[in-house]
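Residue strings, one per chain:
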Amino acid sequence: MSAVATPPPPTAPAAVPAWRLLATLGFAGALAGGLIVTVFRATLPRIEAHRAEVMEAAVREVLHQPARWDTLYLVDGALTSAPAPDVDRRRLERTFLGYTDQGALVGAAVTAGEPGFSDVITVMFGIEPATGRLLGMTILGHKETPGLGDKIEQPPFTPQFDGAEVPLRGVKAAPKPPHEVQTITGATISSRTVVTIVNHAAARWQPLVQAYLQGVGP
Amino acid sequence: MTAPPTTMTVDDFLRGVWRENPVVVQMLGLCPTLAVTNTVANGLAMAAATAFVLLGSNLLVSLLKKLIPHEVRITSYVLIIATFVTLADMLLEAAVPAVHKQLGPFVALIVVNCMILGRAESFASRNGPGRSLLDAMGTATGFTLVLLLLSGVRELLGSGTLLGIDILGTRFEPWVIMVLPPGGFLTLGVVMLLIGWRAERRASPATAGGAR
């Protein structure tokens, strides 16, 4: 055994018992959770109301201000205006059928999204189910590059879809109507994505809407 | 180490604005600085959200500093900051949905803004709530000024507009690179260069005269 006395260890700060660490974090977590839930519940109605407003404005825009519209839900591969009451309607895919005040069908408003340059681009477009002629297109959401990719939501890109017919093709210059739209210089991927989304969604929803209309009769 | 003053001073505010500016002097919070300064509106919204989080977290950390054990302080600060960020995110979406949409994921990323944790750890955890609030205001003001400067330059050159209003007219060909990520690095680099150059010019006569 060594004769040299070891110096006493420097007095460490009193160790905090583990239960106090746990209690502190547990309490802080509960407080944070409570605060977040409170604000979430307080802001949710406004956030949902705003989303509904955005959706409504988009339907009006792409269906040329219809007098009224019906909401159709996609249940088991077919459209219905009245899904079973135990189904959460918010989780169902939907389309909107717009009518004039004389009751004539204007078209269907379809929402769809696919990955663009940065993130998913969500669009809504109006389409005449019988002819495949588009009535208009609006961007519901995107995270494309400001100054470049975000031109997909502005003229002159968006008005091209009014009157165009699916299937669409994106071209760099001199688009020939009705099947071609001009892509945006510097935002080729973003604008091509919009064209692709419209093509895919039209191919998917056009038959669904036609089948529904045949089902309910003229 | 001298004991820090316990009363509020103007310097608590001014320090963060200029001498210890979070971005151009401490080089903190660069991710949002570079990412969202492509338009003035985005820069302003990010500055406002960050200021909200900074004020809230500095105040709370300084109030709770005696209750939070040293061992779990960083965890607690991050929890406090994350809570305020989540609140800011929801409040922004409810109050100004268009701006919220523009900022996208960057609001959530305020959690990892080193500037905020830095102020909590180095100032709010050692000082009273009054001084911590002043410090947060100063830091937020300094951050806002830099964001305004960068976003002003980038929007003007990159889109020819300021706050969406056409300034340079249709004959101006926008420098698209300015609204892209490289434009952020370029602008920040030039700003840092000018600030460094100015500091050097001011320092050289002072050292020669032995003053300052």
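Since we're looking at a predicted model, the values are computed, not measured.

Asker: Please give an account of the overall build of chain B that cites residues and values.
Answerer: Check the secondary structure of chain B and you find eight helices and two strands. Starting at the N terminus, the α and β elements of chain B follow one another as α-α-α-α-α-α-α-β-β-α. Relative to the compact-globule value of 17 Å for 212 residues, chain B shows a C-alpha radius of gyration of 19 Å, a close match. If one aligns the C-alpha atoms of chain B with their principal axes, the spans along those axes are about 60 × 55 × 25 Å. By residue count, 39% of the 212 residues in chain B fall in the buried class.

Asker: Which residues make up the packing of helix α4 (residues 73–95) of chain B against helix α6 (residues 114–124) of chain B, and what values do they have?
Answerer: Residues and elements named next belong to chain B. Running from amino to carboxyl end, α4 crosses α6 at an angle of 130°, the nearest separation of the two axes being 10 Å. With respect to α6, the axis of α4 lies oblique. As α4 runs across α6, the sense of the crossing is right-handed. Of the residues in α6, those in contact with Y77, V78 and I81 of α4 are I116, L117, A120 and E121. In terms of residue class, the contact of α4 with α6 is made up of six nonpolar, no polar and one charged.

Asker: With reference to specific residues and values, describe the confidence of the model for chain B.
Answerer: Caution applies to low-pLDDT parts of the model: their predicted coordinates are not meant to be read in detail. Residue and element names in this part refer to chain B. Averaged over every residue, the pLDDT of chain B is 85; residues scoring 70 or more account for 94%. Per-element averaging of pLDDT across chain B places helix α5 (residues 97–103) at the bottom with 80 and helix α7 (residues 129–159) at the top with 92. The ipTM assigned to the predicted complex is 0.72, against a pTM of 0.74.

Asker: Now, about the interface of chain A and chain B: what can you tell me, with residues and values included?
Answerer: Counting residues at the interface gives 23 residues for chain A and 25 residues for chain B. Here the side of chain A that touches chain B takes 15 residues from helix α1 (residues 18–62) of chain A, the largest share from any one element. Grouping the constituent residues of the side of chain A that touches chain B by class yields twelve nonpolar, eight polar and three charged.

Asker: Help me get a handle on the sheet that holds strand β5 (residues 120–127) of chain A, residues and values and all.
Answerer: Residues and elements named next belong to chain A. Taking strand neighbours across the sheet as the criterion, the six strands line up as β2-β1-β3-β4-β5-β6 in an open arrangement whose pairing is antiparallel. Of all strands in the sheet, those bounded by a partner on one side alone are β2 (78–80) and β6 (134–141). Sheet twist, expressed as the mean angle between neighbouring strand axes with direction ignored, is 25°. Bridge count for β5 against β6 is six bridges, and the pairing is antiparallel.

Asker: Give me the environment of A:A202: which residues, what numbers.
Answerer: Following the sequence through the fold, A:A202 ends up in helix α2 (residues 188–216). Among residues more than four places away in sequence, those in contact with A:A202 are A:I127, A:G132 and A:V166.

Asker: Tell me about the packing of helix α1 (residues 10–19) of chain B against α7(B), residues and numbers included.
Answerer: All names here are of chain B. Taken N-terminus to C-terminus, the directions of α1 and α7 make an angle of 25°; their axes are 7 Å apart at the nearest point. Between α1 and α7, the interaxial angle falls into the category roughly parallel. In this structure, α1 crosses over α7, and the sense of that crossing is right-handed. Taking contact as the criterion, the partners of D12, F13, L14, R15, G16, V17 and W18 in α1 are, on α7, R131, L134, D135, M137, G138, T139, T141 and G142. Among the residues making up the contact of α1 with α7, the classes are represented as six nonpolar, five polar and four charged.

Asker: Tell me about α7(B), and please be specific about residues and values.
Answerer: A rise of 1.5 Å per residue sets the reference length of α7(B), with its 31 residues, at 45 Å; its end C-alpha atoms lie 42 Å apart and thus fit the reference within 8%. Note on α7(B): the residue one or two positions beyond its end, B:G160, has a positive phi of about 75°.

Asker: Any chance you could break down unusual backbone geometry for me, citing the residues and the numbers?
Answerer: Of note, the bond from A:P155 into A:P156 is cis; its omega dihedral lies within 30 degrees of zero at 5°. Following A:P177, the chain continues to A:P178 via a peptide bond in cis, the omega torsion being 5°. Mapped onto the secondary structure, A:P178 falls in the loop between β7 (169–171) and β8 (180–182). A positive phi angle is found at A:H64, which is not glycine, with a value near 55°. Position of A:H64 relative to the elements: it lies in the loop between α1 and β1 (68–75). Of note in the backbone geometry, B:L163 takes a positive phi value of approximately 50° without being a glycine. C-beta crowding within 10 Å serves as the criterion here: with 12 such atoms nearby, B:L163 is assigned to the exposed category.

Basis of the calculations
Residues numbered from 1 in each chain as written. Chains lettered and ligands numbered in written order. Predicted model: local features only at pLDDT ≥ 70, side-chain atom pairs only at ≥ 80, totals over all residues. Helix = DSSP H or I, 4+ residues; strand = E, 2+ residues; numbered from the N terminus. Rg over C-alpha atoms; globule rule 2.2 N^0.38 Å. Buried ≥ 20, exposed ≤ 12 C-beta atoms within 10 Å, placed from the backbone. Axes fitted to C-alpha atoms, helices over the stretch in contact; angles between N-to-C directions. Parallel < 35°, antiparallel > 145°, perpendicular 65-115°, else oblique. Left-handed = near helix turned anticlockwise from the far one by under 90°. Contact = placed C-beta atoms within 7 Å. Nonpolar A, V, L, I, M, F, W, Y, C, P; charged D, E, K, R; others polar. pLDDT = per-residue confidence, 0-100. Pairing = 2+ DSSP bridges. Expected span 1.5 Å × (residues − 1).

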